[in-house]
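# Coordinate analysis (summary)
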Amino acid sequence: MKTFFLTLTFAFTAMLTFAQSTSHPPIQNISTDSTVVYRLFATPNMYNFIKLNTRTGQMWQVQWGTESKHRFETILSNVSLVSEDEEKNGRFFLYPTTNTYNLILLDQIDGRVWQVQWNFDAEDRMVIRIY
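Note that the coordinates shown come from a computational prediction; the quantities given were computed from them, not determined experimentally.

This next bit is on the nonpolar core. In this structure, Ile50, Leu52, Met59, Phe92, Leu94, Leu105 and Val116 are the most contacted members of the largest nonpolar core, which totals 15 residues. Contributing elements (two or more residues each) for this core: strand E2 (48–53), strand E5 (92–96), strand E6 (102–107) and strand E7 (113–117). The element best represented in this core is E5, accounting for three residues.

This is the structure we're talking about:
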């Protein structure tokens, strides 16, 4: 009986350990349609997405939930990363990382990149150019 409980405890602990491991970025189900202006990108948090304007690089954090107090959309970056004459649908794309709160934004035309950090706390949200 003691062996049974030890085995059960070990199995349960192993399940919890593997269930919490997030060494892989989330799998994106992204269409190849480059004519769209907006795309939603998943984060490892099931309730949060990043909405990207693919023309300008502007981004918003979008959270959904079963209660209205948990649903919101907030600005990550409302500054266009290109001039109006350089805007093009599909120009910007987000790539997941293994860090829950960070993604990489790529300008697919000129190769510039930014670190994008979403967070529940406004002071911890940021978009920083990587040189």
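The discussion continues.
If you trace the four strands from one edge of the open sheet to the other, you get E5-E6-E7-E8, paired in antiparallel fashion. Only two strands of the sheet have a single partner each, and these edge strands are E5 and strand E8 (126–130). Each adjacent strand pair in this sheet contributes to an overall mean axis angle of 25°, direction not counted. Pairing of E6 with E7, which is carried by five bridges, proceeds in the antiparallel orientation. Residue Asn102 lies in a different strand from E7, and its bridge partner there is Gln117.

This part is about the pairing of strand E3 (residues 59–63). Among the five residues in E3, five count as buried, and that is most of the element. Hairpin geometry of E2 and E3 is characterised by an intervening segment of five residues between the two adjacent antiparallel strands and by a positive phi of about 85° at Gly57. When E3 meets strand E4 (residues 72–77), the two strands line up antiparallel, connected through five bridges. Bridged to Met59 within E4 is Ser77.

The rules we used
Every chain is numbered independently, its residues counted from 1 as its sequence is written. Given that the model is predicted, a residue must reach a pLDDT of at least 70 before its local features are reported, and side-chain atom pairs must reach 80 or more before they are shown or counted; all residues, however, enter totals for whole chains, interfaces and linings. For side-chain calculations, the full set of non-hydrogen atoms in the structure is used, while hydrogens and water are omitted. For the purposes of this section, nonpolar cores are sets of buried Ala, Val, Leu, Ile, Met, Phe, Trp, Tyr and Cys residues that join through side-chain atoms within 4.5 Å. Burial classes: relative accessible area under 20% of the type maximum marks a residue as buried, over 50% as exposed, and values in between as partly exposed (1.4 Å probe, protein chains only). Secondary structure elements follow DSSP: runs of H or I no shorter than four residues count as helices, runs of E no shorter than two count as strands, and numbering proceeds from the N terminus. At least two bridges found by DSSP between two strands is the condition for calling them paired. Think of each axis as a best-fit line through the C-alpha atoms, taken over the contacting stretch in the case of a helix, with angles from 0 to 180 degrees between the N-to-C directions.

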